[in-house]
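Below are the chains, spelled out letter by letter.
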Amino acid sequence: MRISADFYFYFMMGRVQELSNRNLLSVRFLLICVLFIVTTDCYAGISGKAKNLLAYDSPSNSYSLHVDGLAELYDQKHPVIVISAVGDSRLGKSTNLNFIRHFWDGDEQKLFEKAFNTSDSTEPCTRGVWVSTVPQIHGSHSALLMDVQGTDLEDDRVTGKLSMFTALMSSAMVLFVRGTLVNHQLNFLYRIARLSELIFGPETASSHFPHLSVIVREPLRPKNGKSLAQTIANAIVSPNHRDGMDEERKFLASYLKGREIKVFDLPHTKSDTLHNFHLLIRSTYKKSIETITEDFKSFPFKKRANGGKADGKYLVELAKTLLSTMNGNSWLDLPNAYVLLERDVCQQSFNTNVKPLLSSSLSAIKDGYETALERVRQNCFLQMEIIQFQRQIQNVLNQKIESKEKQKTLQEEKQKRQNADNELEKTKVMHAREIAIKTEQIENEAGKRRELETAVLEHQMMHKTTKNEIESLKREISRLEIQSQRPRKSDNANGVCFSLNLPWFRIRARKEF
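Residues numbered from 1 in each chain as written. Predicted model: local features only at pLDDT ≥ 70, side-chain atom pairs only at ≥ 80, totals over all residues. Heavy atoms only, no water.

**Quick word on the overall build of the chain**
Rules: Under the scheme used here, helices are H or I runs from DSSP no shorter than 4 residues and strands are E runs no shorter than 2 residues, and both carry numbers assigned from the N terminus. Each residue's exposure class comes from its accessible area (1.4 Å probe, protein chains only) as a fraction of the maximum for that residue type: buried when under 20%, exposed when over 50%, partly exposed otherwise. Computed by Shrake-Rupley with a 1.4 Å probe, the accessible areas treat only the displayed protein chains as cover when residues are assessed.
If you tally the helices and strands in the chain, you get 16 helices and ten strands. Here the chain, with 513 residues, has 38% of them falling under the buried criterion. Working note: accessible area of the chain is about 30,400 Å², and carbon and sulfur atoms make up 52% of it.

If you want it as structure tokens, here you go:
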């Protein structure tokens, strides 16, 4: 299976950010490696080959995650069943996981692929944690198998952390035992249950613990007529064994209360049978492994801390969170890390489903935000985050409404100004018309005044002329009167005396011939 390029971009960007404070050469080298890995066809290796997810380095006493294992997680589509195999070494965990993976989809004729490494030697071949995806042709969900190194290979501190990592990553945990459950295996269950309670508290610790099943290799014959399932269940939760482990059993009985512990038995099978397909298909081992596989298919899906179904990206973030906790030995801070992880899931869902809507129009937000928020609720189970998202949406709505009201007010003000301008323009036109009329009237009045003044002036001139003529006539009359009052000479033969009668006076003149 080729590792997806989008995972490498997602994962390596985090690495580039970590190196950014060191030197540019390291960043360039890492980017070149990314391009080489993404573009090289042969990198993925054999299809279905298990990938190393978690490794422990003894000299540095530290744990590390491998990019190919994280890529295997990242490619899972939700819902996903995560089944881990734990127990002592050399119990056939890897071998049985390979056959479970082969028979998962019921196709017996397909080519058998050995996903997990196995060995016939006495030396364990599994170190750390390895993962492999179950191939499904018509599956509606993903399934991931997780192989863990034997619980008897390191000291309790190392195996405890590896087992806690596995338990928190899994939705189902299968404990492999030989013959029957022994005390150190019971102590292993007690340690991870106890650590889970210390981390998450007694009220919620059990919800973080995976579904527990037990596979018994070469089971011993049960005593007192009890079934194998009853015998194994009693060995885990019944405090009447008087072997110094009764307190652990009491705690486990309380911790696993109400949970069914499934027990499967695998008969002794020769190595030749497992390596010969014709012998295998007629063996009781095949029937047992098919029964186990069918039960595995009904195991619960991996859920997030608050009940939502997990996907590949969530598993990657969870693995990184657990790694930081393991290396920092800060298990008591893990609940806060879970909350941060859940918040990140909520925020991503909000950014995908709601945030693009918030840049739309007010009506589009009102019509679509409930549907978008419902999609967020399907992935986000933190009620406080949902409330915060609702507040954020309401703030955006309020801002949109306020902006719309302001826009409306501005539009109204603009319309008012436009109306006022129109009225002012009308008033100006009307005033201009009135002024023109008044001007015309004034000009007419001025013309009439000028005509009157001209007439008056002409009249005055005529009056003056007439007056001058009258004065002239008066002077003439006066002169004539004066002349008429002088003594007149006697009429002679050479003279004639006559008189001139005028309407207002009489002139006498004397003319001499």
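**Focus on the sheet that holds strand 5 (residues 142-148)**
Each strand in a sheet pairs with its neighbour through backbone hydrogen bonds, running either in the same direction (parallel) or in the opposite one (antiparallel). As a reminder of what qualifies: Strands are treated as partners if at least two bridges between them are detected by DSSP. Helix axes are fitted only over the stretch in contact, all axes being lines through C-alpha atoms; the angle between N-to-C directions runs from 0 to 180 degrees. It only takes one pair of heavy atoms within 4.5 Å for two residues to be counted as in contact.
Ordered in space as 2-1-4-5-3-6-7-8, the eight strands form an open sheet in which the pairing is mixed. Each edge of the open sheet carries a strand with a single partner, namely strand 2 (62-65) and strand 8 (262-266). In this sheet, adjacent strand axes meet at a mean angle of 20° when their direction is disregarded. As judged from the five bridges shared by strand 4 (residues 129-133) and strand 5, these two strands associate in the antiparallel manner. Within strand 5, the residue paired with Ser132 across the bridge is Leu145. Sheet strands in contact with helix 3 (residues 67-74) are strand 1 (51-57), strand 2, strand 4 and strand 5, and its direction is about 135° off that of strand 1.

**Some words on the side chain of Ser288**
The residue Ser288 is located in helix 11 (residues 284-297) in this model. With near-sequence residues (within four places) excluded, Ser288 lies in contact with Asp265, Leu266 and Pro267.

**Some thoughts on the pairing of strand 2**
A one-sided burial pattern is seen for strand 2, the buried positions being Tyr63 and Leu65 and the unburied ones Ser62 and Ser64. Where strand 1 lies against strand 2, four bridges are found, and the strand directions are antiparallel. Note that in strand 2 the partner of Leu54 across the bridge is Leu65. Two successive antiparallel strands, strand 1 and strand 2, enclose a turn made up of four residues, where Asn61 displays a positive phi of approximately 50°.

**Here's the deal with the pairing of strand 8**
Here strand 8 lies mainly inside the structure; four of its five residues are buried. As judged from the five bridges shared by strand 7 (residues 211-217) and strand 8, these two strands associate in the parallel manner. Directly across from Ser213, in strand 8, lies its bridge partner Lys262.

**Concerning unusual backbone geometry**
Backbone geometry at Asn61 places phi at a positive 50°, although glycine is not the residue there. Considering the arrangement of structural elements, one finds Asn61 in the loop between strand 1 and strand 2. The exposure class of Asn61 is exposed, given its relative accessible area of 52%. Positive phi outside glycine occurs at Glu218, with the angle close to 50°. By secondary structure assignment, the location of Glu218 is in the loop between strand 7 and helix 7 (228-237). Look at Glu218 and you get partly exposed, because its relative accessible area is 29%.

**Notes on the pattern of salt bridges**
We count it as follows: Criterion for a salt bridge: a side-chain nitrogen of Lys or Arg within 4 Å of a carboxyl oxygen of Asp or Glu.
The tally for this structure, following the rule as stated, stands at twelve salt bridges. Two residues, Glu385 and Arg343, come together in a salt bridge whose shortest N-O distance is 3.6 Å. Of the two residues, Glu385 is situated in helix 16 (residues 383-485) and Arg343 in helix 13 (residues 334-353); the sequence distance between them amounts to 42 residues. The buried category is assigned to Glu385, whose relative accessible area is 16%. A relative accessible area of 42% means that Arg343 is categorised as partly exposed.

**Some words on the nonpolar core**
Quick reminder of the rule: In these notes, a set of buried Ala, Val, Leu, Ile, Met, Phe, Trp, Tyr and Cys residues joined through side-chain atoms within 4.5 Å is what counts as a nonpolar core.
Grouped together as the largest cluster of nonpolar side chains are 59 residues, with contacts concentrated most on Leu54, Leu73, Phe165, Met169, Val214 and Ile236. Looking at this core, the element that brings in the most residues is helix 12 (residues 312-328), giving eight residues. When near neighbours in sequence (up to four residues on either side) are disregarded, Leu54 contacts Tyr63, Ser64, Leu65, Arg127, Gly128, Val129, Leu162, Phe165, Leu323 and Met326. Ile81, Phe99, Leu280 and Tyr285 belong to the second-largest nonpolar core, a separate cluster that totals 27 residues.

**Considerations on helix 8 (residues 246-255)**
Turning to helix 8, its buried residues number three or more, namely Asp246, Glu248, Arg249, Phe251, Leu252 and Tyr255. Those residues of helix 8 that are buried are in contact with helix 6 (183-200) and helix 7.

**What to know about the side chain of Thr166**
Rules: Definition of a polar contact: a pair of N or O atoms within 3.5 Å, with one able to donate and the other able to accept a hydrogen when the atoms are protein atoms, and with sequence-neighbouring residues admitted only if both atoms are side-chain atoms.
Mapped onto the secondary structure, Thr166 falls in helix 5 (residues 156-169). Separated by 2.8 Å, the side chain of Thr166 and the backbone oxygen of Leu162 make a polar contact. Excluding residues that lie within four positions of it along the chain, Thr166 makes contacts with Ser84, Val86, Val129, Met146 and Val148.

**Quick word on the environment of Lys114**
Mapping Lys114 onto the fold places it in the loop between helix 4 (93-103) and strand 4. Note on Lys114: relative accessible area 42%, which makes it partly exposed. Between the C-alpha atom of Lys114 and that of Phe99, which follows or precedes it by 15 residues, the distance is 8.4 Å. Setting aside anything within four residues of it in sequence, one finds Lys114 in contact with Lys49 and Asn98.

**Observations regarding the packing of helix 7 against helix 8**
For clarity, the cut-off: Any angle between 65 and 115 degrees counts as roughly perpendicular, while under 35 counts as roughly parallel, over 145 as roughly antiparallel, and the rest as oblique. For this scheme, ten residues count as nonpolar: Ala, Val, Leu, Ile, Met, Phe, Trp, Tyr, Cys and Pro. Four count as charged, namely Asp, Glu, Lys and Arg, and the remainder, Gly too, count as polar.
Two numbers describe how helix 7 lies on helix 8: the axes approach to 6 Å, and their chain directions differ by 110°. One finds that helix 7 runs roughly perpendicular with respect to helix 8. In this structure, helix 7 contributes Asn234, Ala235, Ile236 and Val237 to the contact, and helix 8 contributes Arg249, Leu252 and Ala253. Here the residues of the contact of helix 7 with helix 8 are counted per class, giving five nonpolar, one polar and one charged.

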